[in-house]
Amino acid sequence: MTFRRILLVLGVAGAALGVAHALLHPYQGYAGEVFVDIRRGAGTFEMSAQLADAGVLRSEWPFLAARALRPRSVLKAGEYRFDRPLSAWEVYRKIASGDVFYYSVTIPEGFNISEIGDAVARTSVITRQEFLLAARQGGRVADLAPGLPTLEGFLFPDTYRFSRHTTAEDLVGQMLQRFRRVWLETAAGHAAPSSLLETVTLASLVEKETPVASERATVASVFRNRLRLGMPLQCDPTVIYALELAGRYRGQLLKDDLGVRSPYNTYARAGLPPGPIASPGRASLAAALDPAATDYLYFVADNHGGHTFSASLDRHSEAVARYRRQNGRRKAAVKAKKSTVKAENVRPR
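Residues numbered from 1 in each chain as written. Predicted model: local features only at pLDDT ≥ 70, side-chain atom pairs only at ≥ 80, totals over all residues. Heavy atoms only, no water.

To continue, consider the side chain of His307. As for its position among the elements, His307 is in strand 6 (residues 307–310). The class of His307 is buried, set by a relative accessible area of 16%. Apart from the residues lying within four places of it in its own chain, the contact partners of His307 are Glu209, Thr210, Glu215, Phe299, Val300, Ala301 and Asp302. (Helix = DSSP H or I, 4+ residues; strand = E, 2+ residues; numbered from the N terminus. Buried < 20%, exposed > 50% of the residue type's maximum accessible area, 1.4 Å probe, protein only. Contact = heavy atoms within 4.5 Å.)

Now the structure itself:
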């Protein structure tokens, strides 16, 4: 082998090592974390420039070299999060695999669309106004419940993941799709309800009345029994919802509030309200579909997180009196404890 050929081989080997080092050596030219939003339709040169400007790549050419080595890869648009040193090859694979950064929001059972809007807005991707505008398109469930002004009750409570490019309409669509799937699963094996809207509305009342899963079918039975007898449901959460719609809720329900003029006020109007007041979960939907077989007409909190159920007004009055006595003793105990703590913290003069 001639000296010139040896130099050529060494030069090629050195260049290959240089390319390999540039491709495989991790780099981080930013502090903490950085987000790079690759637009749809962006070319490889534009992507490499963005990544280099953001400090994800030391320079553009190793990314272009990776592209030359993997020309059939489809580089995907989206927002990418980088929080540790990566080689140009790893960056290329991340974008080729579409490892887009997703935001997540958890919607608890019993949230209404206004509360859901607040939760979504905290992600800083979709504004509250954008979400509420999409959530007020009741026509999207016209096949289930025609004529609704909003999607209240049909946005299923769950955890949702979405990207920077997800719109409010897209997210609402995910929630509706989840509701439809859960409804089909929950309703399977039950007789078809005479009105899906009434079932979801009843489920929303159950959801707001008790957090205890084992009580939900019993609470549903109380409401069903009252509806059968033509008794007002007298469901406090419906009055709160009416006040919230009117912008008049003050954080607690007062006696004067029970007279608020609203179709949602189940103290003033018999029957179910015109629609759901919140998003019920699977257990509440099941309870509304299949209430317990009871003769209960009343319930009151029991000071232990649950409720005491009664079939007669006399028994209910006794339960209410017991609740008030226990509640009074609890408040007195808390007040006495605070007074004791205050006294212990007084320094003698």
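Read on, since the account is not over.
On to helix 6 (residues 128–135), then. Along helix 6, the positions that sit buried rather than exposed are Phe131, Leu132, Ala134 and Ala135. One side of helix 6 carries all its buried residues, which in axial view fall inside an arc of 160 degrees. Away from its buried face, by an angle of more than 90 degrees, helix 6 presents the exposed residues Gln129 and Leu133. Packing partners of the buried residues in helix 6 comprise helix 5 (113–121) and helix 7 (168–187). (Arc of directions from axis to C-beta.)

Now for helix 5. For helix 5, the full list of buried residues reads Ile113, Ile116, Gly117, Ala119 and Val120. End-on view of helix 5: buried residues confined to an arc of 165 degrees, all on one side of the axis. Residues of helix 5 that are buried sit in contact with strand 3 (103–106), helix 6 and helix 7. Here helix 5 starts with a cap whose side-chain oxygen sits 3.1 Å from the backbone nitrogen of Ser114, and that cap is Asn112. (Polar contact = N/O pair within 3.5 Å; in protein donor to acceptor, adjacent residues only side chain to side chain.)

The next point concerns the environment of Val239. Examined against the element boundaries, Val239 turns out to sit in helix 10 (residues 236–245). You can call Val239 buried: its relative accessible area is 0%. It is 9.5 Å that separates the C-alpha atoms of Val239 and Arg261, two residues lying 22 residues apart in sequence.

It is worth spelling out the confidence of the model for the protein chain at this point. Mean pLDDT over the protein chain works out to 88, with 88% of the residues at or above the 70 mark. In the predicted structure, residues 6–16 sits below a pLDDT of 50 and forms 1 contact with residues beyond four places in sequence or in another chain. Low pLDDT, under 50, characterises residues 333–349; the stretch is placed with 0 contacts to residues that sit more than four places away or in other chains. (pLDDT = per-residue confidence, 0-100.)

Moving on, we get to the pattern of salt bridges. On inspection of all chains with the given rule, the structure shows 12 salt bridges. The residue Arg164 makes a salt bridge to Glu79 at a minimum N-O spacing of 3.5 Å. In this pair, Arg164 sits in the loop between strand 4 (159–162) and helix 7 while Glu79 sits in strand 2 (residues 78–82), placing the two residues 85 residues apart along the sequence. Overall, the relative accessible area of 33% leaves Arg164 in the partly exposed class. For Glu79, a relative accessible area of 6% translates into the label buried. Among the charged side chains, a salt-bridge network with shared partners connects Glu33, Arg81 and Asp83. (Salt bridge = Lys/Arg side-chain N within 4 Å of Asp/Glu carboxyl O.)

Of the pairings in the sheet, the one linking strand 5 (residues 298–301) to strand 6 comprises 4 bridges and is antiparallel in character. Residue Ala301 lies in a different strand from strand 6, and its bridge partner there is His307. The hairpin turn running from strand 5 into strand 6, its antiparallel successor, is 5 residues long, and Asn303 in that turn takes a positive phi close to 70 degrees. (Pairing = 2+ DSSP bridges.)

The next point concerns the packing of aromatic side chains. A full pass over the atoms with the stated rule returns 11 aromatic pairs. Here the aromatic cluster, defined as three or more aromatic residues joined through ring pairs, consists of Phe35, Phe101, Tyr103 and Phe162. Here the basic side chain of Lys94 rests over the ring of Phe82, its NZ or CZ set 5.6 Å away from the ring centre. (Phe/Tyr/Trp six-rings, centres within 6.5 Å; stacked < 30°, edge-to-face > 60°. Lys NZ or Arg CZ within 6 Å of the ring centre and 35° of its normal.)

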